[in-house]
Amino acid sequence: MRVWTLLLLLLLLLLRSDAVHSDSEYLIGVGSYDITGPAADVNMMGYANAEQIASGVHFRLRARAFIVAQPEGNRVVFVNLDACMASQLVVIKVIERLKARYGDLYTEKNVAISGIHTHAGPGGYLQYVVYIVTSLGFVRQSFDVIVDGIVNSVVQAHENLRPGSIFVNKGELLDAGVNRSPSAYLNNPEAERSKYKYNVDKEMTLLKFVDDEWGPSGSFNWFATHGTSMSRTNSLISGDNKGAAARFMEDWFERKGSVRMDSVGFENDGIPRRISNIIPNVHDTYHKLLEIAASFQSPPGKPATKVSSVARRVRGVLRQVDKPKFVSAFCQSNCGDVSPNVLGAFCIDTKLPCDFNHSTCGGKNELCYGRGPGYPDEFESTRIIGERQFKKAVELFSGASEQIKGKVDFRHAFIDFSQLEVNLSKVGVSEVVKTCPAAMGFAFAAGTTDGPGAFDFKQGDDQGNPFWKLVRNLIKTPGKEQMDCQHPKPILLDTGEMKLPYDWAPSILPIQILRVGQFVILSVPGEFTTMAGRRLRDAVRTVLSGNKGFGSNIHVVIAGLTNTYSQYVTTYEEYEMQRYEGASTLYGPHTLSAYIQEFTKLARALISGQPVEPGPQPPDLLDKQISLLTPVVMDATPIGVKFGDCSSDVPKNSTFKRGDMVSVTFWSACPRNDLMTEGTFSLVEFLQGKTTWVSAYDDDDFCLRFKWSRPFKLSSHSKATIEWRIPQDATPGIYRIKHFGAAKGLLGSIRHFTGSSSAFVVA
């Protein structure tokens, strides 16, 4: 009888509902770390808008990593950043630190670092001049927090390595992206276009990681849509739609077993909440709640410890101490011409659709803007596009059944794209062409419908104009050979040949293939358009499918903006149209053909087991970086006021309803003094019992916004406004809002402080 009891218990363990069990042949580990960066004074990376300066936090940014290793063999690392793109200099320094810690276990060959392409993160962390002009040069604080976050996420994943299995699933997501340059797409051959149902890729591909002991431990998916739901005027740090989707899914998983949900695991509005799990229902009468709340009036600001904001964070409350944290990443793919502003592009003056070929309104690009599904509310558009990706990911995650099996392998090479010979083979004809030194065309300055440029530039310009050519020539006049090479692109900035004070654009680029069984990641250092990505995937798949070691069911994904950044890659036909993407294809009309040539070489080496030439090393320009960003000199408050005091409190005896906005303003200090990494600037607390305040919402929550401001640029006085849009499922009871900050003294000392609002009732 005892034997049968033991067998029954063993069977129950094997049939746990939250895990898919099978014979595992891998060690898997996941990790995640805060990379939010400076939330003040720093220009945001993406739109190249010098006036878009960070001044608060919408929600925090993270680096998320997974490692897959064969116990006695190879391993690969993939890191997904809530950042605009990867940086070559960041990769160089991350690899140096990983080598110092682990030797040759993790190198540039088997580590991929990819950006989600949010346009709402701090800039200044890339090493080439053209990408840090608007941030007033290099921003060491932005750079350091990203390097630290990547390393910490990889260390976490390494330390979490345990036997486990991987499953893959894919499916269509139809309403999260549209083509923002359809006229360029239509220039591709009709026979090629007819093979595809849509003019953007609609497929999401997801990996599900399952720990043998704990069950599901993470998921990473690849789907193409731009991180431009937040506009070029937004000043709050945000992971945009992909960062939001990651938050939603991680919260969903942490709670999915503890509240009643529908068949795919959602609550009524589709976004998971933690609050009902943390806070018990309150049965006190309304008048009793008001009486208790009135006894908690706003106290003076007070000193705090450096770790206080970390200790009060909400996430982690529900997680078992020994269980690895579930990590979900929404990775970028070939998003070059894909916009999340799915309602289309309209003129802000006439409300009519923009010109089809040039995306202008009466000849002006500045008036043409894409509309997201929450128009005119960019925060709502971000939520909706994030939620759509999240829901599809949960569906794929829940249904993932195809197991990944086979070798772990990788190939990597550095390629000089400035003068690379490319063999073009057409029917009966072979031709050798070359790529060009980097250059940006006139249409680059026109921007896109996601973020229009200024002046009289327009997309589709293959001529340029005399005035801007004169301005260009004052900086650097391109030679005839370069102009012929880049034709039909009229060159606005000859960045590949501009070397003062140091390189303006990269010439040596990393390309990389990571293999885990039948799953293959193509790491590309730029933004491939839809058709460019399709051609690259098909070319690599053709090479790999001829090898029996892969089988017939090969999954090939493109990981965009990986390992460095070199702008766009269009097809030859799209390049001819010189829309924004073509004008931003740096290395000339044969750039895509060069990528296809070099990636097929890597693919052949992968299946043959042969090494590849490493290629020329990219430069390390850290010592040459220039920063013109003014440092924080000191912080101060008016006489009689303390840091953390309320400048504007909630009204006395306040009662709010779900859906209301609660706003509190504190006397504060510059957020650059302490980034509150893995901590929070803002907190909503709930009163449990009569005296215990429980953390309920923090910087990571979509409903809470931290806004920082000073009366003028060099003022030592500043304020922090915390806005809380009360969720529809918020538990009724007594709440208050807290702020954490750090002030810099005249002699450079840092003093941490905290402040609290008066208590109020949510009925």
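Here the structure is a predicted model, which means the values were calculated and not measured.

**Topic: the sheet that holds strand β26 (residues 519-523)**
So, step 1. Spatial strand order, β18-β25-β26-β28: four strands in an open sheet with mixed pairing. Sheet topology places β18 (408-416) and β28 (555-559) at the edges, where each strand pairs with a single neighbour. Averaged over all pairs of adjacent strands, the angle between strand axes in this sheet comes to 15°, irrespective of strand direction.
So, step 2. As judged from the five bridges shared by strand β25 (residues 508-516) and β26, these two strands associate in the antiparallel manner. Bridge pairing links valine 516 to phenylalanine 519 in β26.

**Overview of the state of the cysteines**
So, step 1. Following the criterion strictly, the structure yields three disulfides and no others.
So, step 2. Shown here is the disulfide that connects cysteine 347 with cysteine 361, its sulfur atoms set 2.1 Å apart. Its torsion about the S-S bond being -95°, the disulfide of cysteine 347 and cysteine 361 is classed as left-handed. Linking cysteine 347 in strand β15 (residues 344-347) with cysteine 361 in the loop between β15 and β16 (368-371), this pair joins segments that are 14 residues apart in sequence.
So, step 3. Take cysteine 347: its relative accessible area is 5%, and that puts it in the buried class.
So, step 4. For cysteine 361, a relative accessible area of 5% corresponds to the buried category.

**Observations concerning the sheet that holds strand β35 (residues 704-709)**
So, step 1. Ordered by their spatial adjacency, seven strands build an open sheet running β7-β2-β3-β35-β36-β32-β30, and the pairing between neighbours is antiparallel. A strand with exactly one partner marks an edge of an open sheet, and here the two such strands are β7 (121-122) and β30 (646-648).
So, step 2. With two bridges joining them, β30 and strand β32 (residues 661-668) adopt antiparallel strand pairing. What sits directly across from serine 648, in β32, is threonine 665.

**Observations regarding the UniProt feature "binding site: Zn(2+)" (unreviewed entry) in the protein chain**
So, step 1. Here, UniProt's "binding site: Zn(2+)" (unreviewed entry) annotation points to His117, His226, Glu527 and Tyr568. Spatially, the listed residues are clustered: although they cover 452 residues, their C-alpha atoms lie within 12.7 Å of one another. Here the residues from the annotation list that line the largest pocket are His117, His226, Glu527 and Tyr568.
So, step 2. Mapped onto the elements of the fold, histidine 226 is located in the loop between β11 (215-222) and α6 (240-255).
So, step 3. For histidine 226, a relative accessible area of 1% gives the class buried.
So, step 4. Among the structural elements, tyrosine 568 can be located in strand β29 (residues 568-569).

**Considering empty space enclosed by the protein**
So, step 1. If you walk through the whole model with that rule in mind, you get eight cavities of 30 Å³ or more.
So, step 2. Every residue lining the largest cavity is counted, 16 residues in all, and those nearest its centre are Leu61, Ala83, Gly121, Pro122 and Ile146.
So, step 3. For the lining of the largest cavity, the elements supplying multiple residues, two or more each, are β7 and α3 (140-159).
So, step 4. Residue classes in the lining of the largest cavity are distributed as 10 nonpolar, five polar and one charged.

**Considering the side chain of histidine 119**
So, step 1. On the secondary structure map, histidine 119 appears in the loop between β6 (111-115) and β7.
So, step 2. The exposure class of histidine 119 is buried, given its relative accessible area of 7%.
So, step 3. Reaching out from histidine 119, the side chain makes a polar contact with the backbone oxygen of histidine 117 at a distance of 3.0 Å.

**Some remarks on a nonpolar patch on the surface**
So, step 1. A cluster of nonpolar side chains, namely Val633, Met634, Leu746 and Leu747, defines an oily patch on the protein surface of about 460 Å² accessible area.
So, step 2. Accessibility expressed as a relative area gives 85% for leucine 747, which makes it exposed.

**Quick notes on the environment of tyrosine 580**
So, step 1. Mapped onto the elements, tyrosine 580 comes out in helix α15 (residues 580-583).
So, step 2. When the C-alpha atoms of tyrosine 580 and glutamate 527 are compared, they prove to be 12 Å apart, with 53 residues separating the residues in sequence.
So, step 3. Sequence-distant contacts of tyrosine 580, defined by excluding residues within four places in its chain, comprise Arg180, Ala443, Phe444, Gly447, Thr448, Gln459 and Tyr568.

**Side note on the packing of aromatic side chains**
Any two aromatic rings considered together are summarised by their centre-to-centre distance and by the angle between their planes.
So, step 1. Under the definition given, this model contains 35 aromatic pairs.
So, step 2. Here the aromatic cluster, defined as three or more aromatic residues joined through ring pairs, consists of Phe66, Phe78, Phe209, Phe220, Trp222 and Phe519.
So, step 3. For lysine 202, the ring lying beneath its charged end belongs to tyrosine 198, and the centroid distance is 5.5 Å.
So, step 4. Here the guanidinium or amino end of lysine 719 rests over the ring plane of tryptophan 667, the centre of that ring lying 4.7 Å away.

**Regarding the pattern of salt bridges**
Side chains carrying opposite charge are able to pair once their charged atoms draw close together.
So, step 1. One pass over the structure, following the stated rule, counts 43 salt bridges.
So, step 2. Linked by salt bridges that have partners in common, Arg64, Asp82, Arg247, Glu250, Arg313 and Asp700 make up one network.

**Some points on the side chain of asparagine 110**
So, step 1. Note on placement: asparagine 110 falls in the loop between α2 (88-102) and β6.
So, step 2. Of note is the side chain of asparagine 110, whose polar atom sits 2.9 Å from the backbone nitrogen of threonine 107.
So, step 3. Excluding anything up to four places from it in sequence, asparagine 110 contacts Arg75, Val76, Val77, Leu105, Phe410, Gln512 and Leu514.

**A word on helix α8 (residues 286-294)**
A turn of α-helix holds 3.6 residues, and therefore any two residues three or four places apart point the same way.
So, step 1. By the burial criterion, the buried members of α8 are Leu289, Leu290, Ile292 and Ala293. Buried residues of α8, seen end-on, are gathered within an arc of 165° and therefore sit on one face of the element. Across from the buried face of α8, at angles greater than 90 degrees, the exposed residues are His287 and Glu291.
So, step 2. Check the buried side of α8 and you find it contacts β31 (655-656), β33 (682-688), β37 (733-744) and β39 (760-762).

**Quick notes on the UniProt feature "active site" (unreviewed entry) in the protein chain**
So, step 1. Following the UniProt record, one finds the feature "active site" (unreviewed entry) at Ser339.
So, step 2. You can see serine 339 is positioned in strand β14 (residues 338-339).
So, step 3. Overall, the relative accessible area of 2% leaves serine 339 in the buried class.
So, step 4. Those residues in contact with serine 339, other than ones at most four positions away along the chain, are Ala176, Gly177, Val178, Arg180, Thr225, His226 and Asp450.

**Some words on the layout of surface pockets**
So, step 1. The volume enclosed by the largest pocket comes to roughly 1100 Å³.
So, step 2. Around the largest pocket sit 44 residues that line it, and Tyr47, Ala48, Thr134, Phe444 and Ala445 are the ones nearest its centre.
So, step 3. Going through the elements one at a time, β2 (40-45), β22 (447-448), β23 (451-452), α11 (466-475) and β24 (491-493) are the ones with two or more residues in the lining of the largest pocket.
So, step 4. The residue inventory of the lining of the largest pocket, partitioned by class, reads 26 nonpolar, 13 polar and five charged.

**Here we look at the nonpolar core**
So, step 1. Formed by 134 residues in total, the largest nonpolar core has its most connected members in Ile150, Phe599 and Trp724.
So, step 2. By residue number, the principal contributor to this core is α3, which donates nine residues.
So, step 3. Not counting the four nearest positions on each side in its chain, tryptophan 724 is found in contact with Asp660, Met661, Val662, Val684, Tyr697, Cys703, Leu704, Tyr735, Ile737, Phe760 and Val762.

How each quantity is defined
Residues numbered from 1 in each chain as written. Predicted model: local features only at pLDDT ≥ 70, side-chain atom pairs only at ≥ 80, totals over all residues. Heavy atoms only, no water. Pairing = 2+ DSSP bridges. Helix = DSSP H or I, 4+ residues; strand = E, 2+ residues; numbered from the N terminus. Axes fitted to C-alpha atoms, helices over the stretch in contact; angles between N-to-C directions. Disulfide = S-S within 2.5 Å. Buried < 20%, exposed > 50% of the residue type's maximum accessible area, 1.4 Å probe, protein only. UniProt positions renumbered as here; feature names shortened; annotations may be inferred. 1 Å grid on protein atoms, 1.4 Å probe; cavity = no way out; pocket = protein on both sides within 12 Å on 5 of 7 lines; lining within 4 Å. Points joined across faces, edges and corners; volume = space filled by probe spheres on them. Nonpolar A, V, L, I, M, F, W, Y, C, P; charged D, E, K, R; others polar. Polar contact = N/O pair within 3.5 Å; in protein donor to acceptor, adjacent residues only side chain to side chain. Patch = residues over 30% accessible without salt bridge, like charges linked within 9 Å, V, L, I, M, F, W, Y side chains within 5 Å. Areas by Shrake-Rupley, 256 points an atom, 1.4 Å probe, with all protein chains shown as cover. Salt bridge = Lys/Arg side-chain N within 4 Å of Asp/Glu carboxyl O. Contact = heavy atoms within 4.5 Å. Phe/Tyr/Trp six-rings, centres within 6.5 Å; stacked < 30°, edge-to-face > 60°. Lys NZ or Arg CZ within 6 Å of the ring centre and 35° of its normal. Arc of directions from axis to C-beta. Core = buried A, V, L, I, M, F, W, Y, C linked by side-chain atoms within 4.5 Å.

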